[in-house]
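A look at the structure
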Amino acid sequence: MEKSRSGLRSSEEMFPLVESYRSGEMNRTDFCEAHGLSLSTFNYWQSKYLNSIEQPLPSGFIPMEVAGVPGSFALEVQLNNGTRLYFSSYPPVSYLKELGS
């Protein structure tokens, strides 16, 4: 493979080679030898290629709505006398112990 005047390769030159490798059945060493590439050069361009085709993750916050289910509680406690207590969040264990005594 012939390098450009500056001695550097471009993505326009290397990405098609990476695509060719990915769609072929040659191992990386044989592919590099067949195309006059060092393994380190090929690995560099394969990494750049893979980064270029990955979908970027959205940045920042994504709006979401949390809707409570009517009648759902974090905790339901039934006392010895049959009284039921419903808690929307978990109370301290010490409080629950007091209720039970």
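Notes on the pattern of salt bridges
Summed over the entire model, instances satisfying the criterion amount to one salt bridge. In this structure, the salt-bridge partner of Arg84 is Glu76, at a minimum N-O distance of 2.9 Å. Residue classification places Arg84 among the partly exposed positions, given a relative accessible area of 45%.

So, the packing of helix H1 (residues 11-23) against helix H3 (residues 39-53)
Packed helix pairs are characterised by how far apart their axes lie and by the angle those axes make with each other. Two elements in contact, H1 and H3, have axes whose closest approach is 9 Å; the angle formed by their N-to-C orientations is 90°. Relative to H3, H1 is oriented roughly perpendicular. Across the interface between the two elements, Ser11, Met14, Phe15, Val18, Glu19, Tyr21 and Arg22 from H1 touch Phe42, Trp45, Gln46, Lys48, Tyr49, Leu50 and Ser52 from H3. Taken together, the residues of the contact of H1 with H3 sort by class into eight nonpolar, three polar and three charged.

Let's talk about the packing of aromatic side chains
For the structure shown, the criterion picks out seven aromatic pairs. Centroid distance Phe15 to Tyr49: 5.4 Å. Interplanar angle 75°. Geometry classified as edge-to-face. Remark: Tyr49 occurs in helix H3 and Phe15 occurs in helix H1; sequence separation between them is 34 residues. With respect to burial, Phe15 and Tyr49 carry one shared label: buried. Here the aromatic rings of Tyr44 and Trp45 are separated by 5.2 Å at their centres, their planes lie at 85°, and the arrangement is edge-to-face. Residue Tyr44 is classed as partly exposed on the basis of its relative accessible area, which comes to 47%. Here the aromatic residues Phe15, Tyr44, Trp45 and Tyr49 are joined through ring pairs into a cluster of three or more.

As for the confidence of the model for the protein
Predicted coordinates in areas of low pLDDT are best not read in detail. Of the residues in the protein, 75% have a pLDDT of 70 or more, and the chain-wide mean is 80. The least confident element of the protein is helix H4 (residues 93-100), whose mean pLDDT is 80; the most confident is helix H2 (residues 28-34), at 94.

Thoughts on the environment of Leu17
Mapping Leu17 onto the fold places it in helix H1. Its relative accessible area of 10% is what places Leu17 among the buried residues. In this structure the C-alpha to C-alpha distance between Leu17 and Phe42, which are 25 residues apart in sequence, comes to 9.0 Å.

Considering the pairing of strand S2 (residues 84-87)
In terms of strand pairing, strand S1 (residues 75-78) meets S2 through four bridges, oriented antiparallel. Counted as the bridge partner of Glu76 is Tyr86 from S2. Between S1 and S2, which pair antiparallel and follow one another directly, the connecting turn spans five residues, one of which, Gly82, has a positive phi of 95°.

The rules we used
Residues numbered from 1 in each chain as written. Predicted model: local features only at pLDDT ≥ 70, side-chain atom pairs only at ≥ 80, totals over all residues. Heavy atoms only, no water. Salt bridge = Lys/Arg side-chain N within 4 Å of Asp/Glu carboxyl O. Buried < 20%, exposed > 50% of the residue type's maximum accessible area, 1.4 Å probe, protein only. Axes fitted to C-alpha atoms, helices over the stretch in contact; angles between N-to-C directions. Helix = DSSP H or I, 4+ residues; strand = E, 2+ residues; numbered from the N terminus. Parallel < 35°, antiparallel > 145°, perpendicular 65-115°, else oblique. Contact = heavy atoms within 4.5 Å. Nonpolar A, V, L, I, M, F, W, Y, C, P; charged D, E, K, R; others polar. Phe/Tyr/Trp six-rings, centres within 6.5 Å; stacked < 30°, edge-to-face > 60°. pLDDT = per-residue confidence, 0-100. Pairing = 2+ DSSP bridges.

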